[in-house]
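Inside the fold
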Amino acid sequence: MTLDRLRIFVAVAERDHVTAAARALNLTQSAVSNALAALETEHDVRLFDRVGRGVVLNETGRAFLPEAKAVLARAAAAGAALADMSALRRGRLAVFASQTIASYWLPRRLVDFHTAYPGVELAVEIGNTREAAQAVLSGAAEIGLVEGAVDEPALSQVQVGSDRLAVLVTPDHPWATRRRLEANDLADQPWVLREVGSGTRSTLEAAVRDIGVDPTTLSVSMTLPSNEAVLAAAEAGAGATALSESVAYASVAAGRLVTAPFTLPERPFRLLRHRERYRSRAGDVFVEAMG
């Protein structure tokens, strides 16, 4: 059974005439007759009674007609849905963003996209860099936004922004009044850090490694799974930490934390997409808006 045969059946049923249906469908009379015959033969039924030179729906045909119309209506609705998705009048885009990006960099951009395309649902999940990359690899998300390094050949990576980490301590911390921290100072005090796999943790570890310090020598007294938890622990005096300047802005402005004299490099925000999976029109436009 094909949609074309269903369309032909409905056209003939509505007109009780093969020639009239053929004319309406811009087909030959023989093509219409053959399609009806094939439909009846395939399912071993008779849908029409041949009366004189015309055709009339029989009981089986009358019972089948609403079903055929319903299938055609659903097919038309599916086609309209695809057209709407292509034109971004409707659709859904799954985005997985790491915490810093999701909390401080992404919201305004999501609002701008929603304003431009209100029919497209933005489904945003939040985790760390490793989880974002895995979501794009598995197809759970079409777009990933991360601030950590990702070593995955299957993923394309485009820089869409950046920020900088700051080493933060309480005002009474020994580092608060130092003019400069040396590499060997970093292992002398306890640290409160994000979990392994987060972009924040990997950026700090890469930075200290670059100056000749083994990250495993840092005295990590507490590992916490969110920026907010790390910030609260650092403010409570649990140890030094490294967080995005955006995350720490309010705490520094209020004097609850100060920036220690140790400069960390700027880190890029990367947009991830799978190189081989289907890329939706909504995803393409979202990427353009991030650029």
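Details of the structure are given in the entry above.
One structure accompanies this document, and this report is about it. Position labels on residues start from 1 in each chain and follow its written sequence. Totals for whole chains, interfaces and linings use every residue, but because this is a predicted model, local features are given only for residues with pLDDT of at least 70 and side-chain atom pairs only at 80 or more, for both listing and counting. Side-chain measures were taken over the full set of non-hydrogen atoms in the model, leaving aside hydrogen atoms and water.

Observations regarding the environment of Val-252
The line we're drawing: Elements are defined by DSSP. Helices are runs of H or I of four residues or more, strands are runs of E of two residues or more, and each kind is numbered from the N terminus. Per-residue accessibility, obtained with a 1.4 Å probe over protein chains only, is compared with the maximum for each type, and a residue is labelled buried under 20%, exposed over 50%, and partly exposed between these values. Here, two residues are considered to be in contact whenever any of their heavy atoms come within 4.5 Å of each other.
With respect to the element layout, Val-252 can be found in helix α10 (residues 245-253). A relative accessible area of 33% places Val-252 in the partly exposed class. Taking the C-alpha atoms as reference points, Val-252 and Glu-235, 17 residues apart in sequence, are found 10.0 Å from one another. Excluding residues that lie within four positions of it along the chain, Val-252 makes contacts with Leu-168, Leu-257 and Thr-259.

A few points about the side chain of Glu-147
This is how the line gets drawn: Polar contact criterion, stated in full: a pair of N or O atoms within 3.5 Å, where within protein one must be able to donate a hydrogen and the other to accept it, and residues adjacent in sequence count only if both atoms are side-chain atoms.
For Glu-147, the position within the fold is in the loop between β5 (143-146) and β6 (155-169). Within polar-contact distance, the side chain of Glu-147 engages the side chain of Ser-98 at 2.3 Å. Apart from the residues within four sequence positions on either side, Glu-147 is in contact with Ser-98, Thr-100, Ile-101, Thr-129, Gly-199, Thr-200, Thr-203, Arg-267, Pro-268, Phe-269 and Arg-270.

Side note on α10
Threshold: Here the arc refers to the directions that run from the helix axis out to each C-beta atom.
When we look at burial in α10, the residues that qualify are Val-247, Ala-248 and Ser-251. In an axial view of α10, the angular spread of the buried residues amounts to 65°, which keeps them on one side of the axis. Turned more than 90 degrees away from the buried face of α10 sit Tyr-249 and Ala-253, all of them exposed. On its buried face, α10 sits against α5 (99-105), β6, α9 (227-235) and β9 (241-244). The residue sitting at the N-terminus of α10 and contributing the capping side-chain oxygen is Ser-244; that oxygen lies 3.1 Å from the backbone nitrogen of Ser-246.

Points about the pattern of salt bridges
For the record, the criterion: Note on definitions: salt bridges are taken to be side-chain nitrogens of Lys or Arg within 4 Å of carboxyl oxygens of Asp or Glu.
Here the structure, examined in full by the defined rule, presents 17 salt bridges. One salt bridge connects Glu-14 with Lys-69, and the closest N-O pair in it is separated by 3.5 Å. Note that Glu-14 is positioned in helix α1 (residues 3-15) and Lys-69 in helix α4 (residues 59-86), a separation of 55 residues in sequence. Lys-69 sits in the partly exposed class, given a relative accessible area of 38%. In this structure, the salt-bridge partner of Arg-50 is Glu-40, at a minimum N-O distance of 3.4 Å. On the criterion of sequence distance, the pair formed by Arg-50 in strand β1 (residues 48-51) and Glu-40 in helix α3 (residues 29-43) is long-range, its members being 10 residues apart. In this structure Arg-50 comes out as partly exposed when scored by relative accessible area, which is 42%.

Focus: the nonpolar core
What counts, and what does not: Put simply, buried Ala, Val, Leu, Ile, Met, Phe, Trp, Tyr and Cys residues joined by side-chain atoms within 4.5 Å make one nonpolar core.
The biggest cluster of nonpolar side chains holds 22 residues, and the ones touching the most others in it are Phe-9, Val-12, Val-32, Leu-36, Phe-48 and Phe-64. For this core, the secondary structure elements donating two or more residues are α1, α2 (18-25), α3, β2 (54-57) and α4. With residues up to four places along the chain from it excluded, the contact list for Phe-48 reads Phe-9, Val-12, Ala-13, Leu-36, Glu-40, Val-55, Val-56, Leu-57 and Asn-58. Ala-102, Trp-105, Leu-106 and Leu-145 belong to the second largest nonpolar core, which has 20 residues in total.

Examining the pairing of β1
Rules: Two strands qualify as a pair provided that DSSP identifies no fewer than 2 bridges between them.
Of the strand pairs in this sheet, β1 and β2 are connected by 4 bridges, and their pairing is antiparallel. Counterpart to Arg-50 in the pairing with β2 is Val-55. With antiparallel pairing between neighbouring strands as the criterion, β1 and β2 make up a hairpin whose turn holds 2 residues, including Gly-52 at a positive phi of roughly 60°.

Some details on the sheet that holds strand β10 (residues 258-274)
Selection rule: Inter-axis angles, ranging from 0 to 180 degrees, are taken between N-to-C directions of lines fitted to C-alpha atoms, where helices are fitted over the stretch in contact.
Taken in spatial order, the 6 strands make up an open sheet running β4-β3-β5-β10-β6-β9, and their pairing is mixed. In this open sheet, the two edge strands, each paired with only one partner strand, are β4 (120-127) and β9. Within this sheet the neighbouring strands show an average axis-to-axis angle of 25°, counted without direction. Judged from the 8 bridges that link them, strand β3 (residues 91-98) and β4 form a sheet pairing that is parallel. Directly across from Leu-93, in β4, lies its bridge partner Leu-122. With respect to the sheet, α10 is in contact with β6, β9 and β10, its orientation differing from that of β9 by roughly 110°.

A few points about the pairing of β5
The alternating pattern of β5 places Ile-143 and Leu-145 and Gly-144 and Val-146 on opposite faces, both of which are buried. Sheet topology note: the β3/β5 ladder contains 3 bridges and is parallel. Bridged to Phe-96 within β5 is Gly-144. Note: β5 against β10, 3 bridges, orientation antiparallel.

Some words on the packing of α1 against α2
Rules: Roughly parallel means an angle under 35 degrees; roughly antiparallel means over 145; roughly perpendicular covers 65 to 115; every other angle is labelled oblique. In a left-handed crossing the near helix is turned counterclockwise from the far helix by less than a right angle, and in a right-handed crossing that turn is clockwise. Side-chain classes are defined by residue name, with Ala, Val, Leu, Ile, Met, Phe, Trp, Tyr, Cys and Pro counting as nonpolar, Asp, Glu, Lys and Arg as charged, and the others, Gly among them, as polar.
Axis separation between α1 and α2 bottoms out at 8 Å; the angle between their running directions is 125°. Relative to α2, the element α1 is oriented oblique. Once α1 is placed against α2, the crossing between them reads as right-handed. Between α1, through Arg-7, Ile-8, Ala-11, Val-12 and Arg-15, and α2, the contact on the second element is made entirely by Val-18, Ala-20, Ala-21, Ala-24 and Leu-25. Class assignment of the residues belonging to the contact of α1 with α2 gives a composition of 8 nonpolar, no polar and 2 charged.

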